[in-house]
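Inside the fold
Listed here are the chains, written in short residue letters.
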Protein chains: 2
Amino acid sequence: MTTSMPASKEQPICKLSFEDKLDRLAQVAVHSGLGLAPGQQLVMTATLDAVPLVRRITEHAYRAGATLVTTVLADEESALLRYRYAPDASFDCAPVWLYDGLAAAFRSGAARLAVAGSNPSLLSQEDPQKVSRANRAASKAYRPAMELITRHEINWTIVSCATPAWAAAVFPGLSQDEAMSRLWDAIFAASRADRPDPVAAWKEHDAKLHERAAQLNHKRYSALHFRGPGTDLRVGLSDGHLWLGGGTTAANGRYCIPNMPTEEVFTTPHKDRVDGCVTSTKPLSHQGTMIDKISVRFHGGRIIEAHAATGEQVLQRMIETDEGARRLGEVSLVPQSSPIASSGLLFNNTLFDENAACHIALGQAYSNCLEGGDKASQEDLAARGANESLIHVDWMIGSSLIDVEGITADGRAEPVMRQGEWV
Amino acid sequence: MTTSMPASKEQPICKLSFEDKLDRLAQVAVHSGLGLAPGQQLVMTATLDAVPLVRRITEHAYRAGATLVTTVLADEESALLRYRYAPDASFDCAPVWLYDGLAAAFRSGAARLAVAGSNPSLLSQEDPQKVSRANRAASKAYRPAMELITRHEINWTIVSCATPAWAAAVFPGLSQDEAMSRLWDAIFAASRADRPDPVAAWKEHDAKLHERAAQLNHKRYSALHFRGPGTDLRVGLSDGHLWLGGGTTAANGRYCIPNMPTEEVFTTPHKDRVDGCVTSTKPLSHQGTMIDKISVRFHGGRIIEAHAATGEQVLQRMIETDEGARRLGEVSLVPQSSPIASSGLLFNNTLFDENAACHIALGQAYSNCLEGGDKASQEDLAARGANESLIHVDWMIGSSLIDVEGITADGRAEPVMRQGEWV
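Report follows, based on the coordinates. (Residues numbered from 1 in each chain as written. Chains lettered and ligands numbered in written order. Predicted model: local features only at pLDDT ≥ 70, side-chain atom pairs only at ≥ 80, totals over all residues. Heavy atoms only, no water.)

Here the focus is the overall build of chain A. Counting secondary structure elements, chain A contains 12 helices and 20 strands. By the compact-globule yardstick of 22 Å for 423 residues, chain A fits well, its C-alpha radius of gyration being 20 Å. Each principal axis of the C-alpha distribution contributes one length, and for chain A these read about 55 × 55 × 45 Å. For chain A, buried positions account for 61% of its 423 residues. Sequence separation of at least 24 residues holds for 77% of the intrachain contacts in chain A that already meet a minimum separation of 6. When the accessible area of chain A is evaluated, it comes to approximately 15,500 Å², of which 51% is carbon and sulfur surface. (Helix = DSSP H or I, 4+ residues; strand = E, 2+ residues; numbered from the N terminus. Rg over C-alpha atoms; globule rule 2.2 N^0.38 Å. Buried < 20%, exposed > 50% of the residue type's maximum accessible area, 1.4 Å probe, protein only. Contact = heavy atoms within 4.5 Å. Areas by Shrake-Rupley, 256 points an atom, 1.4 Å probe, with all protein chains shown as cover.)

It is worth spelling out the nonpolar core at this point. Core analysis: the biggest nonpolar cluster contains 123 residues, and A:Ile57, A:Val115, B:Ile57 and B:Val115 have the highest contact counts within it. Once you skip the residues sitting within four places of it in the chain, A:Val115 turns out to touch A:Met44, A:Thr45, A:Ala46, A:Ala50, A:Leu53, A:Val54, A:Ile57, A:Val159 and A:Cys161. (Core = buried A, V, L, I, M, F, W, Y, C linked by side-chain atoms within 4.5 Å.)

Residue and element names in this part refer to chain A. Counted residue by residue, strand β6 (residues 231–237) has 5 buried out of 7 residues, so it is predominantly covered. Here strand β5 (residues 223–228) hands over to β6 after 2 residues, with Gly-230 in that stretch at a positive phi of 75°. Here β6 runs beside strand β11 (residues 269–279); their pairing, made up of 5 bridges, is antiparallel. Paired with Asp-232 across the two strands is Cys-277, which belongs to β11. (Pairing = 2+ DSSP bridges.)

All names here are of chain A. On the basis of which strands lie adjacent, the open sheet formed by 5 strands has the order β7-β10-β15-β16-β17 and antiparallel pairing. Each end of this open sheet is capped by a strand with a single partner; those strands are β7 (244–245) and β17 (392–396). Examined bridge by bridge, strand β15 (residues 328–333) and strand β16 (residues 359–363) share 4 bridges and lie antiparallel to one another. By the bridge assignment for β16, Glu-330 is matched with Ala-361.

Spanning 12 residues, helix α4 (residues 96–107) of chain A covers 16 Å between terminal C-alpha atoms, matching the ideal 16 Å at 1.5 Å per step. Phi turns positive one or two residues past the end of α4(A), at A:Gly109, with a value near 105°. (Expected span 1.5 Å × (residues − 1).)

Below, the discussion takes up the environment of B:Ile291. Residues and elements named next belong to chain B. Within the secondary structure, Ile-291 sits in strand β13 (residues 289–299). Residues Ile-291 and Val-314 lie 23 residues apart in sequence; the distance between their C-alpha atoms is 7.4 Å. Setting aside its immediate chain neighbours within four residues, Ile-291 contacts Pro-283, Leu-284, His-286, Ala-308, Thr-310, Gly-311, Val-314 and Leu-315.

Right, let's talk about the interface of chain B and chain A for a bit. Each side of the interface is counted separately: chain B has 37 residues, and chain A has 37 residues. Summed over the shared surface of chain B and chain A, the number is 2 salt bridges. Salt-bridge contacts for B:Asp75 lead to A:Arg55; the nearest nitrogen and oxygen are separated by 2.7 Å. The interface formed by chain B and chain A contains 4 residue pairs in polar contact (both at pLDDT 80 or more). Going through the elements one at a time, β1 (41–47), α2 (51–63), β2 (68–74), α3 (76–85) and α4 (96–107) of chain B are the ones with two or more residues in the side of chain B that touches chain A. Counting residues per element, the side of chain B that touches chain A draws most heavily on α2(B), at 7 residues. Here the residues of the side of chain B that touches chain A sort into 22 nonpolar, 9 polar and 6 charged. (Salt bridge = Lys/Arg side-chain N within 4 Å of Asp/Glu carboxyl O. Polar contact = N/O pair within 3.5 Å; in protein donor to acceptor, adjacent residues only side chain to side chain. Nonpolar A, V, L, I, M, F, W, Y, C, P; charged D, E, K, R; others polar.)

As a further point, take the packing of helix α5 (residues 128–150) of chain A against helix α9 (residues 312–319) of chain A. Residue and element names in this part refer to chain A. It is at 9 Å that the axes of α5 and α9 come closest, and there the two elements cross at 30°. Between α5 and α9, the angle falls in the class roughly parallel. Both α5 and α9 take part in a crossing whose hand is right-handed. Judged by residue contacts, Pro-128, Gln-129 and Ser-132 of α5 engage Gln-313, Val-314 and Arg-317 from α9. A per-class count over the contact of α5 with α9 returns 2 nonpolar, 3 polar and 1 charged. (Axes fitted to C-alpha atoms, helices over the stretch in contact; angles between N-to-C directions. Parallel < 35°, antiparallel > 145°, perpendicular 65-115°, else oblique. Left-handed = near helix turned anticlockwise from the far one by under 90°.)

Between chain B and chain A, which share one sequence, the superposing operator has a rotation angle of 180° and an axial displacement of 0.0 Å; the RMSD is 0.0 Å. Taken together, these values place the two copies in the relation of a two-fold axis. Nearest to the rotation axis, the C-alpha of B:Gly101 is located 2.6 Å from it, this being the minimum over chain B. Both copies share a contact surface, since 100% of the interface residues of chain B are interface residues in chain A too. (Least-squares fit on C-alpha atoms with pLDDT ≥ 70 in both.)

Following this line, the structure appears as structure tokens:
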């Protein structure tokens, strides 16, 4: 099927300078990812390493008619100083005024673009309890803004930017220049910025993801069954679930592709109908710490046992954030032949790694993965199985050793993926 | 008198490394300037060039017990892109959500530190009408936050940071490294970061400024008369005016020194009692544009004629911001022997140049320069002569050729300054 074809059938890759590719990445971020409307304000978040890309995006946004681009720049060094010198009470604080401000910006119609590209191990040497408390306070403060995002009230997208620390984590043996160059090339390729017409390439790719989602929606499976080494997991799907992939029309009428890259089709599991055990297939970089070799047992939708070879404490604290943090909010299918998986790289970055393998997410469900979910009440969504939480953390459970079956309404098992590929 | 003595009687200057001086600048910013309380949040604003100083300040703030330091970093390049590519409607927009957020932060008790250090000519090539519209929209959006600052509801301060563009404007003939080094030295000296005990040096300096203000308050002049080349200006003082200088206790109980450096004593003129003509003695860098050789005539408190050899259009638009923009909100006395004036440098930066010469400000008055002003209503303040405006723009009218007389309640003229020095 065309939807599972690797990149070879798509547009050829062009020889372009770094600056050209950076500019094209900004172009697709604004036009394909964000679908920015003329006259709309844009709020961008990024770290200092991303400033060159931020400027390109700012230019493309203004040229597309943005009335104002405001970028909230975070300095990772300053974030570390907090862990070194701040009093203990600091770790229950968050810049509530800033997060409330973001929510206000979105409510008045601003689009949101996040430039992802942080040091995946920034906080790995810090006290996990402080990391967890700080993340919890931030998640709580960010909730009003995040709800507008997860409910797709506004058009939004996330794009990536290479940083020295990230590049060193992906290419540990290389010089900084070489590692940065390799990581940028991987980002440009996965973001289709190296195609002759990146916007057209995204249109074509988006159509394929929609076709795959339509096929799964037609099946109306009641559950998926994942099987492989260390994994025997039945994931019940929520009542009236919708498979989504690629772009979506936000409530403000703008068509956006919320993740760049994206190779996944995903839906909302039933928060009470997940059973069995599952083992992660890639390390998870979670807000500055690494969690690896996660092994979890679910019963009645709830994690009843959780281990990790690395970062177990962070994992434990994460699932203790609230009741919903130990239940699933997303299940996602990605074939091993996806361009990112084909690269063979471990990116230590969820935006990339989740698009290289099937994955699940603990925490908040996306309401638009349920029929009529955008307009449904929280109670109605919960009754249909949609999970609620302050967190939404994706982690990878797919590999070429994993088979996936779809369980039909009458209990029959149909093969969906075999050895990590669509059947 | 000790208050008018030049720096020579103060602590000697030490030989310190750049990093040591930068660290001491951060230390005095937090301890002498801000008077940060343990358990208080800090909101900082800065441009990207200031990141090394921002990190030092962040460290000192956390070590002083700050629960959270949040820095809003502005990128000047992105600001320029707006002028190059944004649609016309952009220039009536402002990030209202961000300014409202700052006001919310201050209302919940956060202190505010601004790191000044921008390119003084950033917008000088841009359309003055767009610059003026954008400034007006920003001033309007910033007003709720600025009111909390000008009313000293919270502790706040402004410190300076050298930037390549600023250094090039101050030392046009030097290499970038040499110019930066000279500007940093001037900042360290003016901020007393080069003293053996900078915090003690500020305490001593602050006491001298308070003594000078007390002497002027004792006089209860009804007006000041400035005379010199191109200047014959009578500035009526507001009813129950207070001369202030150095630090002040904010409504939250914290003692702060709002400007670093500061060499001035200042009070609130009567908005309807300013008459005569005045000529600026230094160029004014106003939000990215230069205005030079200002020549203005007042009648009944109101500017009735305004010219400038450079930037006249920007000046005209500035005073058209609102009715209060063409009236005075501040008058300030600085002797020519102040350390900054003694340096003989033109800083193209109000924080420095206003502390090297007597100056006046168009626009908003400081309510704490009136007796009981912090608790008075807007109507009461206005009735006593305090001006209201979206703007507050200082410009320099002092020099070694200027004499200042104080006019007593019974109409006698007493010499206050002669040839720019305290009598």
